[in-house]
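# Structural characterization, general
So the chains spell out like this:
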Amino acid sequence: GDFAFSARLAENGRCTITATTIDLEDELEARYPLTFQKHKRAIESRGGVCFFGVDARLLAANATPYKDFRSRFEKVIWNNPYVDAAPLQAHRAVAAQKAHKRLVDAYLSSAQSCLRGGGII
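This is a predicted model, so every value here is computed, not measured. Residue indices follow the written sequence of each chain, beginning from 1 at its first position. Local features in this predicted model are restricted to residues of pLDDT 70 or higher, and side-chain atom pairs are both shown and tallied only at a pLDDT of 80 or more, whereas totals for entire chains, interfaces and linings draw on every residue. Side-chain metrics in this entry use all non-hydrogen atoms of the structure; hydrogen atoms and water are not considered.

## A closer look at the packing of aromatic side chains
Only Phe, Tyr and Trp rings are paired, with Trp represented by its six-membered ring, and only when their centres lie within 6.5 Å; those with planes under 30 degrees apart are stacked, over 60 edge-to-face, the remainder tilted. Counted under the stated rule, the structure contains 7 aromatic pairs. With 5.2 Å between their ring centres and 80° between their planes, Phe51 and Phe69 make a pair best called edge-to-face. With Phe51 in strand S2 (residues 49-52) and Phe69 in helix H4 (residues 66-69), the pair connects residues that are 18 residues apart, well separated along the chain. With a relative accessible area of 2%, Phe69 lands in the buried category. An angle of 85° between the planes, with centres 6.5 Å apart, marks the rings of Tyr66 and Phe69 as edge-to-face. Pair noted here: Tyr66 and Phe69 are both in helix H4, with a separation of 3 residues, about one helical turn. Of the two residues examined, Tyr66 and Phe69, each falls in the buried class. Each residue in the set Phe51, Tyr66, Phe69 and Phe73 is aromatic and connected to the rest through ring pairs, giving one cluster. Where helices and strands are cited, they refer to DSSP runs of H or I of at least four residues and of E of at least two residues respectively, numbered from the N terminus. For the exposure calls, accessible area comes from a 1.4 Å probe over protein chains only, and a residue counts as buried if that area is under 20% of its type's maximum, exposed if over 50%, partly exposed in between.

Geometric descriptors of this kind do not, in isolation, establish any biological role.
If you want it as structure tokens, here you go:
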């Protein structure tokens, strides 16, 4: 998305936000020309940071930027992507749902590496 949820959390002022997305920055600028930069600025102006091209399944990887996330966070919030399988044919809908389950499972496993002791997802 356009980082709207992360911007709202940052504006609340109770935490410093590290927002990530699998999309590249220029893709978000093109997709959300009216809102993306405003939300990014809201995060960064409150000490937060935005990372682009981050695959939520690979958070435990030993490569940049993933290794920088290791044991860094007290809380991790993931905006689960919505898979609209309704308009698909039945066999494609089942395949989409299975792929989505694999994505969620991989994320939950990977995100553990980002938590400090006692952290929560």
